[in-house]
Amino acid sequence: MEVVSPEGLRQDGRTVSCLRKISCRLGLYDQPNGSSYIEMGNTKILAAVYGPHEVKNLKKQQLDEVIIQCEVSRIAASQGERVKRPRDQRTRAMSQQIASVFEGAIRKSKYPGSQIDIYIQVLQSDGGVLSACINASTLALIHAGVELKDYVASCTASICRGEPILDVSYVETQSSCELTIAVLPNKETICSLHISNTLHQTQLDEVLKIAMDGCQSVYKEMHAVVREYMRNQHAIMTHV
Amino acid sequence: MIRLEKSMIFKYLPMDIILASERPPFSKLGQKPGTRPPKLVTPGEIIDESTNYIRGHGTYMENGNLIASVAGYVTTVNKLITVTPLRQVYQGAVGDTIVGRVMQVQTSRWKVDVNSRLDAELRLANIQLPGGEQRRKDLDDERGMRGLLQEGDLVCVEVQKIGNDGLLKLTARTSKFGKLTQGTLVKVSPSLIVQDKQRMQNLPCGARVIFGANGYIYITPIVVQDVVTEYSEDYEEVSYDVREIIGRLHNVIKLLANHSIMISRTSVVTAYNISAEQNVPVKELLKPDIMIDIALATVQELNE
């Protein structure tokens, strides 16, 4: 099975440097402090942020900064095979990765002694789940009004026969590696990098470059949605 | 809109179901005429490149640039620049009247949830005893703390001071503060509450509203103000008319918050009157299309 056809197109008709369609929404629920929904192609994620609030487990409390807790769960029909448990080893590992990404992005010293909870639900997974989760959490944190240094935009990339490809779907990850990076787009720094399967050292640079460019496009999409949301809401807020 | 009546599940409850796709779009309620559109920023965006500003909430300094750390609108007071987000937790300011819920009873203090990043602290020494008695609190008072305030009770308090770590220390030393009985709590974002000296208001429609600065709004029936603070439960029946007024006020405040209209005595009274004039039943006020109508009418009237 060819990942990239001789004409340079992929199975879903994209070119090698083309992202899947991104659509996102802020503010789905009233109960959590912030919530968001993101679709990156067929990958669909819901995120909710609670806090900063009082620490539940006093043993974990840090007196000079905030602790970030993350929990990812998958619904049973989220992928090809039925998921038996909503939370397992894999989602726990992913939760920790996401929490550590935001360790670098949230201004932790602003909330000493508190806790921020991020709850993520994977509704459908089709490659790039981790990056979609990170993007969804960013939007939910922004909606909650948590102080962030910058957005965290995340994207995946891979390589196929020496040619780097952007934003891989599940089928495309089967035959090669999947590199997920999270960047602070305004500062152009990487705050997390994760590779599944092997990637040759000499190929890392070009894959990284295409992924960085992808993150900037993801950032633009998210930024537009946040601005639109604010424009609708804040116009009235400054009244009275 | 699909109207299910006497369906299998909800045999006795006729209910309205609306598809998400049929939901009316969030209307742009527009700008107040004659005002400049607010400057909106998102995290990571540079607000100003000069350093002769003082950084306030929601901003930070990096490489000589003033950068926003929350998504919101920029306000400049002289040289102080702050960014106010739409939703946030309560920051706390000394002297604010706030409403909170008792979460824990500890030794000689209560932990109160006030929508801030830490639960606030209300010391036994800082409350007025029932009957307005003035004396030092002893061990017996400490043992009877749960008799005064239990977990889940609502209190109206004032912020006395803010500790080093941002812990809010509360006080309820005068008769207007203390335990709240018989009423409804509405939670909104604290950034929607208008700064006002008078936080407890008797509205002309016949209810008393406490606009807690922390975004907790409490609606009670108007009572003849007793001078002494009571910490007992009040089980007296509230008449249907008053309950309806409270319910309407509750839904009206929810509606205003939903459309991010600043909540103050004027806006609440205006929206209440509009909804009452149009004879909208109280429960209908929670329907998205009716919410938009009332919000639009309120904004229009406020602008005039």
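Heads up: the structure comes first, above all this text.
Residues numbered from 1 in each chain as written. Chains lettered and ligands numbered in written order. Predicted model: local features only at pLDDT ≥ 70, side-chain atom pairs only at ≥ 80, totals over all residues. Heavy atoms only, no water.

**Some points on unusual backbone geometry**
Part 1 of the argument: Note the cis peptide between Gly51 of chain A and Pro52 of chain A, where omega equals 5°.
Part 2 of the argument: Topologically, Pro52 of chain A is positioned in strand β3 (residues 43–54).
Part 3 of the argument: Here Asn78 of chain B, not a glycine, exhibits a phi torsion of approximately 50°, which is positive.
Part 4 of the argument: Although it is not a glycine, Ser108 of chain B sits at a positive phi angle of roughly 55°.
Part 5 of the argument: Inspection of the secondary structure assignment puts Ser108 of chain B in the loop between β10 (97–106) and β11 (109–113). (Helix = DSSP H or I, 4+ residues; strand = E, 2+ residues; numbered from the N terminus.)

**Topic: the layout of surface pockets**
Residue and element names in this part refer to chain B.
Part 1 of the argument: Put simply, the second largest pocket is a space of about 1,200 Å³.
Part 2 of the argument: Only β8 (72–77) and β9 (80–85) provide two or more residues apiece to the lining of the second largest pocket.
Part 3 of the argument: In terms of residue count, β9 provides more of the lining of the second largest pocket than any other element does, four residues in total.
Part 4 of the argument: The residue makeup of the lining of the second largest pocket, split by class, is 22 nonpolar, 14 polar and seven charged. (1 Å grid on protein atoms, 1.4 Å probe; cavity = no way out; pocket = protein on both sides within 12 Å on 5 of 7 lines; lining within 4 Å. Points joined across faces, edges and corners; volume = space filled by probe spheres on them. Nonpolar A, V, L, I, M, F, W, Y, C, P; charged D, E, K, R; others polar.)

**Things to note about the sheet that holds β8 of chain B**
All names here are of chain B.
Part 1 of the argument: Taken in spatial order, the four strands line up as β3-β8-β9-β5 in an open sheet, and their pairing is mixed. The sheet is open, and its two edges are formed by β3 (40–41) and β5 (54–55), each paired on a single side.
Part 2 of the argument: Across six bridges, the pairing between β8 and β9 is antiparallel. Bridge pairing in β9 links Val77 to Leu80. (Pairing = 2+ DSSP bridges.)

**Structural notes on the sheet that holds strand β1 (residues 22–26) of chain A**
All names here are of chain A.
Part 1 of the argument: Reading across from one edge, β1-β2-β3-β5-β4 is the order of the five strands in this open sheet, with mixed pairing throughout. Unpaired on one side and paired on the other, β1 and β4 (67–74) mark the two borders of the sheet. The mean angle between the axes of side-by-side strands here comes to 15°, regardless of whether they run parallel or antiparallel.
Part 2 of the argument: In terms of strand pairing, β3 meets strand β5 (residues 114–124) through nine bridges, oriented antiparallel. Residue pairing in the sheet places Ala47 in a bridge with Ile120 of β5.
Part 3 of the argument: Each of β4 and β5 touches helix α1 (residues 89–103); the most contacted strand, β4, lies at about 145° to it.
Part 4 of the argument: Each of β1, β2 (34–40), β3 and β5 is contacted by helix α2 (residues 129–144), which is oriented at about 150° to β2, the strand it contacts most. (Axes fitted to C-alpha atoms, helices over the stretch in contact; angles between N-to-C directions. Contact = heavy atoms within 4.5 Å.)

**Observations regarding the interface of chain B and chain A**
It is common to give the size of an interface as the accessible area lost on bringing the parts into contact.
Part 1 of the argument: Contact with chain B, which involves 47 residues of that partner, is made by 43 residues of chain A.
Part 2 of the argument: At the boundary of chain B with chain A, total buried surface from both sides reaches about 3,700 Å², with 55% on carbon and sulfur atoms.
Part 3 of the argument: Counting every contact that joins chain B to chain A gives two salt bridges.
Part 4 of the argument: One salt bridge in this structure joins Glu62 of chain B and Lys187 of chain A, with 3.5 Å as the shortest N-O distance.
Part 5 of the argument: The interface formed by chain B and chain A includes 16 residue pairs in polar contact (both at pLDDT 80 or more). (Buried area = accessible area lost by both parts, 1.4 Å probe. Salt bridge = Lys/Arg side-chain N within 4 Å of Asp/Glu carboxyl O. Polar contact = N/O pair within 3.5 Å; in protein donor to acceptor, adjacent residues only side chain to side chain.)

**With respect to the packing of aromatic side chains**
Residues and elements named next belong to chain A.
Part 1 of the argument: Under the defined criterion, the tally for this structure stands at two aromatic pairs over all chains.
Part 2 of the argument: A centroid spacing of 5.8 Å and a plane angle of 80° characterise the contact between Tyr50 and Tyr119, whose relative ring orientation is edge-to-face. In this pair, Tyr50 sits in strand β3 while Tyr119 sits in strand β5, placing the two residues 69 residues apart along the sequence.
Part 3 of the argument: Accessibility expressed as a relative area gives 37% for Tyr119, which makes it partly exposed.
Part 4 of the argument: Their ring planes at 80° and their centres at 5.0 Å tell us that Tyr151 and Tyr219 sit as a pair that is edge-to-face. Here Tyr151 is found in the loop between α2 and β6 (153–160), whereas its partner Tyr219 is found in helix α4 (residues 201–237), with 68 residues between them in sequence. (Phe/Tyr/Trp six-rings, centres within 6.5 Å; stacked < 30°, edge-to-face > 60°. Buried < 20%, exposed > 50% of the residue type's maximum accessible area, 1.4 Å probe, protein only.)

**As for the side chain of Gln115 of chain A**
Residues and elements named next belong to chain A.
Part 1 of the argument: In this fold, Gln115 is placed in strand β5.
Part 2 of the argument: Take Gln115: its relative accessible area is 3%, and that puts it in the buried class.
Part 3 of the argument: Once residues lying within four places of it in the same chain are set aside, the contact partners of Gln115 are Tyr50, Gly51, Pro52, His53, Glu54, Val55, Lys56, Val66, Ile67 and Gln69.

**Focus: the nonpolar core**
Residue and element names in this part refer to chain A.
Part 1 of the argument: Membership of the largest hydrophobic core comes to 65 residues, with the highest contact counts inside it found for Ile45, Ile98, Phe102, Ile106, Ile120 and Leu141.
Part 2 of the argument: In terms of residue count, the dominant contributor to this core is α2 (11 residues).
Part 3 of the argument: Apart from the residues lying within four places of it in its own chain, the contact partners of Ile120 are Ile45, Leu46, Ala47, Cys70, Glu71, Val72, Ser73, Ile98, Cys133 and Ser137. (Core = buried A, V, L, I, M, F, W, Y, C linked by side-chain atoms within 4.5 Å.)

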